[in-house]
Amino acid sequence: MGATYAPIACIGSQLVNGVNYAFLAEQTIMSLDGNKNIVIVILNVKPVPGGLPEETMKVYNAAMAGFVGSDAKPFAQLATQVVKGVNYFLAAEVTPVYPGAEAEIDLLLVNDLCDTRKFTKIL
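Note on numbering: residues in each chain are counted from 1, in written sequence order. For a predicted model such as this one, the threshold for reporting local features is a pLDDT of at least 70, and the threshold for listing and counting side-chain atom pairs is 80 or more; totals across whole chains, interfaces and linings nevertheless cover every residue. Computation of side-chain values: all heavy atoms of the structure, hydrogens and water removed.

Some words on the sheet that holds strand S5 (residues 86–96)
Here is step 1: Strand order in the open sheet formed by four strands is S4-S5-S6-S7, and the pairing between neighbours is antiparallel. The two strands at the open ends of the sheet, each matched to only one other strand, are strand S4 (70–82) and strand S7 (117–121). Taking each pair of neighbouring strands and ignoring which way they run, the sheet shows an average axis angle of 25°.
Here is step 2: Looking at chain direction, S5 and strand S6 (residues 104–111) are connected through eight bridges and run antiparallel. By the bridge assignment for S6, Asn 87 is matched with Asn 111.
Here is step 3: Two residues form a contact once any of their heavy atoms are found within 4.5 Å. Under this scheme, a helix contributes an axis fitted over its contacting stretch, all axes are lines through C-alpha atoms, and angles between N-to-C directions fall in the 0 to 180 degree range. Note on conventions: DSSP H or I runs of at least 4 residues are helices, E runs of at least 2 residues are strands, and numbering of each starts at the N terminus. Taken strand by strand, helix H1 (residues 54–64) contacts S4, S5, S6 and S7, and its axis lies near 125° from that of S4. Two strands are said to pair when DSSP picks up at least two bridges between them.

Some remarks on the side chain of Thr 56
Here is step 1: By secondary structure assignment, the location of Thr 56 is in helix H1.
Here is step 2: Note on exposure labels: buried denotes an accessible area under 20% of the residue type's maximum, exposed denotes more than 50%, and partly exposed covers the range between, all computed with a 1.4 Å probe on protein chains only. Residue classification places Thr 56 among the buried positions, given a relative accessible area of 2%.
Here is step 3: For Thr 56, the side chain forms a polar contact with the side chain of Gln 77, separated by 2.3 Å.
Here is step 4: With sequence-adjacent residues up to four places away left out, Thr 56 is seen in contact with Gln 77, Tyr 88 and Leu 90. What qualifies as a polar contact is a pair of N or O atoms within 3.5 Å, subject to a donor-acceptor requirement within protein and to the restriction that residues adjacent in sequence count only when both atoms come from side chains.

Examining a nonpolar patch on the surface
Here is step 1: Together, Ile 11, Ile 40 and Ile 42 make up an exposed nonpolar region whose accessible area comes to about 310 Å².
Here is step 2: Its location among the elements puts Ile 40 in strand S3 (residues 36–45). Exposure above 30% relative accessible area and the absence of a salt bridge qualify a residue for a patch, where like charges join within 9 Å and nonpolar side chains (Val, Leu, Ile, Met, Phe, Trp, Tyr) within 5 Å. Here, Shrake-Rupley sampling with a 1.4 Å probe gives the accessible areas, and only protein chains in the shown set may cover a residue. Any Lys or Arg side-chain nitrogen located within 4 Å of an Asp or Glu carboxyl oxygen qualifies as a salt bridge.

And the structure:
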């Protein structure tokens, strides 16, 4: 609360009770000055037994309907944010659809009201 974060780069990961990911991010303080800082954000992603929540998968499937070019497999829900609907932030393995393509880990944002999907490469 009180700040937004824009990922710049994934600077490392560590296997500890799930996977810890360290990100370099730009923090914008919600104030009159809008001060900005460069910070390190640590996220712990634990595998979800039985997969992602049903509600999350409904939103993901609706947002990704008709999407071509990459195969995205979400494996963790990182956060939600209420703004003009609900934003769901997911960690996903994303593989471009062409021979020999390598998978990457992306932060995937999908929204339950808008036809929104945004990929940010993190690893």
